[in-house]
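Descriptive structure summary
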Amino acid sequence: MSDPIKPVVVGSQAAGGGPTDDLVDGLNEPQREAVTYRGPALLIVAGAGSGKTSVLTRRIASLLRSREAWPSQILAITFTNKAAGEMRERVRGLIGDTAQGMWISTFHSACVRILRREAEQFGFTKNFTIYDSGDSRALIKRLVKEHEADAFGLTPASVQGRISKLKNELADAESYARTANLSDPAERIFVELFADYQRALQRANAFDFDDLIGQTVYLFRAFPHVADVYRRRFRHILVDEYQDTNHAQYALIHELTRPPGAEGAEHGGGMMIFDAPTGDAASLTVVGDSDQSIYAFRGADIRNITEFERDYPGAKVVLLEQNYRSTQTILSAANAVIGNNFDRKDKKLWTDRGAGDPIIGYTGYSQHDEAQFVADEVEALRRRDIPYGEMAVFYRTNSQSRALEEILIRAAVPYKIMGGTKFYDRAEIKDALAYVIAVANPADELSVRRILNRPRRGIGDVTETSIARYAADEGISFRDALANPSALGVGPKIQQAIAQLDAVLAEASAIMLPPSGEVAPPTAVTEGLNVLLNKSGYLDALRRSKDPQDEARVENLDELVAVTREFARNNPEGTVLDFLTEVALVSDADDLDDASGVVSLMTMHTAKGLEFDAVFVTGVEEDLIPHRISAGEPGGPQEERRLFYVALTRARKKLHLSLAMTRAQFGEVTAAMPSRFLQEIPHDLIDWRQSPGDVNSRGGTQSRALNARRPGGGYGGSGGSRYGDDLVPLPRREKPAGDIAKFANRIPAKVRDNGELELAPGDRIRHDDFGEGRIDMVTGEGAKRVAHVRFDTAGPKKLLIKIAPIAKL
DNA sequence: CCCTATCGATTTTTT
DNA sequence: ATCGATAGGG
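About the cut-offs
Residues numbered from 1 in each chain as written. Chains lettered and ligands numbered in written order. Predicted model: local features only at pLDDT ≥ 70, side-chain atom pairs only at ≥ 80, totals over all residues. Heavy atoms only, no water. UniProt positions renumbered as here; feature names shortened; annotations may be inferred. Near = heavy atom within 4 Å. Polar contact = N/O pair within 3.5 Å; in protein donor to acceptor, adjacent residues only side chain to side chain. Helix = DSSP H or I, 4+ residues; strand = E, 2+ residues; numbered from the N terminus. Expected span 1.5 Å × (residues − 1). Buried < 20%, exposed > 50% of the residue type's maximum accessible area, 1.4 Å probe, protein only. Nonpolar A, V, L, I, M, F, W, Y, C, P; charged D, E, K, R; others polar. Pairing = 2+ DSSP bridges.

With an unreviewed UniProt entry as reference, chain A is termed DNA 3'-5' helicase, source organism Microbacterium dextranolyticum. Chain A has a UniProt comment under Sequence similarities (unreviewed entry) that states "Belongs to the helicase family. UvrD subfamily."

Spelled out as structure tokens, the structure:
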């Protein structure tokens, strides 16, 4: 078939024995087609683990190698920066350094790049900054307060959410006002807030996350000649994770894939169309899997992919259904679960790798017990030569990571949390960056206000307001008002403090923003940051503080300085704005850098696109997955099912599903029920170490993890450890023969649920373990109802009524 | 203007 | 349980 020795390639045809041969080696037929098909539009429906990244990189490589495209004509959009980096590396691995000059980036990064070039077209300058959600929440919070909008039930969070949603739909305050019911005062206020917010952003020379996309679309629509530049430039556009694009992103792609020049010609503009091929629209390749659409909550529209063929008539569709990642057992479970979503195109993943091991299930008494199972199992797998770096623990909500962390620390399991409280969300880091922004983009009032009294300078609300008023009166910026403290009408001490701050900012400015034309040295960002942190007194204040946490804050700032050095090393030409951009756009999944060699903990959302030898999906309970809030939302439970599906399909060899019978939240213990999704998995695929039925029949609500645990011991069986301390705990718990019929995997249906049981003080009850007793009182409500019982022999106990093995006498 | 104590809400997922 | 916001005293 293919020559072992690659001949020197002369022709440039992709088809028939061309230079693409080695790029399709080892691919199956649909994959091969996805790499070699040429046409205006291609949809690759790529099931989980079907090798889509490989296909995408080879497709790019083949375009380049056959000279169908120059690197600069390629725009590839990925979901995270990390994925972009990997794709770039893999393309380089295939065809070498000729891959330089491609745009491989996220939607957001690509838009920043475009906006920096074109910002001047519409009222921004190219040193605009980017507001993350925390920044925009702070701004919205101030506006809500100013408008006293809380009186109308508008909270900062709800306003932010609605604005974001509208922006994803490419609506602005004006267009929204046209459709809104303005006789409702709350609606009127909201429209005002929206408009004010947008004005504030513009004045601050800043974009929020949603604007990065939306304003780029606006730019393309308002200035067709600008759009044409990019339409001519990008001849091949590839979009990964297309099922998670929202309307704005969809529109952006649409703008880019129009034929260039069309509009200019219509308007009679003297377009210069002498490059013949540039009259055509760019070719578009999208890759996605509607079963993995998990971002509808932030505006992702599954129809973008389901209706692709309608949007791009004549589009070629390729289906990748063979899975190269997981065992058949894992796939069967995943297929069974996703099959319960009714509105999907049926698609069944298959593999030829064999059944593999059964899925392991475990039911803990508490989330700590569950975490202990994870820790023990991780250690057991480690002893069987699965590296820590090949294991991952998933959960639905970030708050679930706490218990896991506690136990993993205790068990000395090295781990890393992806996302969660992120480095760049820490207060001290945001402060430091606000200093930098105050220098790089002085129009950004929010940042200047933020650093005004950090460290404490004696500048409070009163002074801040007078600065703002002075700035407004003089028609100058908030930042510039700081240069003239004596005019503010504040005390001499405070004037002094303001003057000092102004001087520090000016000094850093001289370092980081050299006069136009000159290029700042690579060290500029590091130096400037150091000046800001030291001369502002910020570091001194932390070092002097007696709060033990402040020591860690100093270390974090040291790390930020290290980040600037690293940045300078990677981007010798990088400006302070490049630095800020990079920092603003890092995502949860991006800081995987040093995650090698440790177990990864993350939400199921963050897990998208990753894969591990061994996966633990925890908290498989009703109200968690599917999450209780999603239950009421249209399409909610279905999206939750997809999320669960994504989680399952991350596993290559070992899949563990665990849950807890009780879970503490808000400090209170509540009873949990197994997730409905568990029942959707064929029962013979799961090998329960401890099934919900087991736990229930044994009764009790106490956590075994923290009490009856011994180092090296196993999970909390009712009798404690039943093997020696240093034994490998894996092949434990032989099922007694007769047990299988009783317990084997027929779990969730028959879990005890005393939810309806009415108990009153004085009632006599019988408990499976504690015997008979009398009710003292009942507290709590619903799933949290607790019976305070005085047992005849066992003494006083508190029991969760919903799950305790009790009966009224 | 700063510090501290109390109260309240908070936990869905994120570029 | 923990974080943040608010209010009242120093």
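On to the protein's contact with DNA strand C. Surveying the vicinity of DNA strand C reveals the residues Lys-141, Arg-402 and Gly-667. Lys-141 places a polar side-chain atom, nitrogen or oxygen, 2.8 Å from a phosphate oxygen of DNA strand C.

This paragraph deals with helix α9 (residues 209-222). If you check α9, its first and last C-alpha atoms are 20 Å apart, about what 14 residues at 1.5 Å a residue would give, namely 20 Å. When you tally the buried positions in α9, you get 10 out of 14 residues, the bulk of the element. Those residues of α9 that fall on the buried side of the exposure criterion are Asp-210, Asp-211, Leu-212, Ile-213, Gly-214, Gln-215, Thr-216, Val-217, Leu-219 and Phe-220. Its side-chain oxygen placed 3.1 Å from the backbone nitrogen of Asp-210, Asp-208 serves as the N-cap of α9.

Turning next to the protein's contact with DNA strand B. Near DNA strand B there are 26 residues, and of these Arg-396, Asn-398, Arg-456, Thr-463 and Ile-629 occur at the shortest range. Among the atoms of DNA strand B close to the protein, meaning within 4 Å, 64% are from sugar or phosphate groups. Between Thr-606 and DNA strand B, the recorded distance is 3.1 Å, taken from a side-chain N or O atom to a phosphate oxygen. Residue composition of the surface near DNA strand B, by class: seven nonpolar, 13 polar and six charged.

Taken across its six residues, strand β7 (residues 283-288) has six buried, putting it largely inside the fold. Every second residue of β7 is oriented toward a common face, with Ser-283, Thr-285 and Val-287 on one face and Leu-284, Val-286 and Gly-288 on the other, all of them buried. When strand β1 (residues 41-46) meets β7, the two strands line up parallel, connected through five bridges. In the strand pairing of β7, Leu-42 is matched with Thr-285. The pairing of strand β6 (residues 236-239) with β7 spans four bridges and is parallel. Following the sheet pairing, Val-239 is matched in β7 by Val-286.

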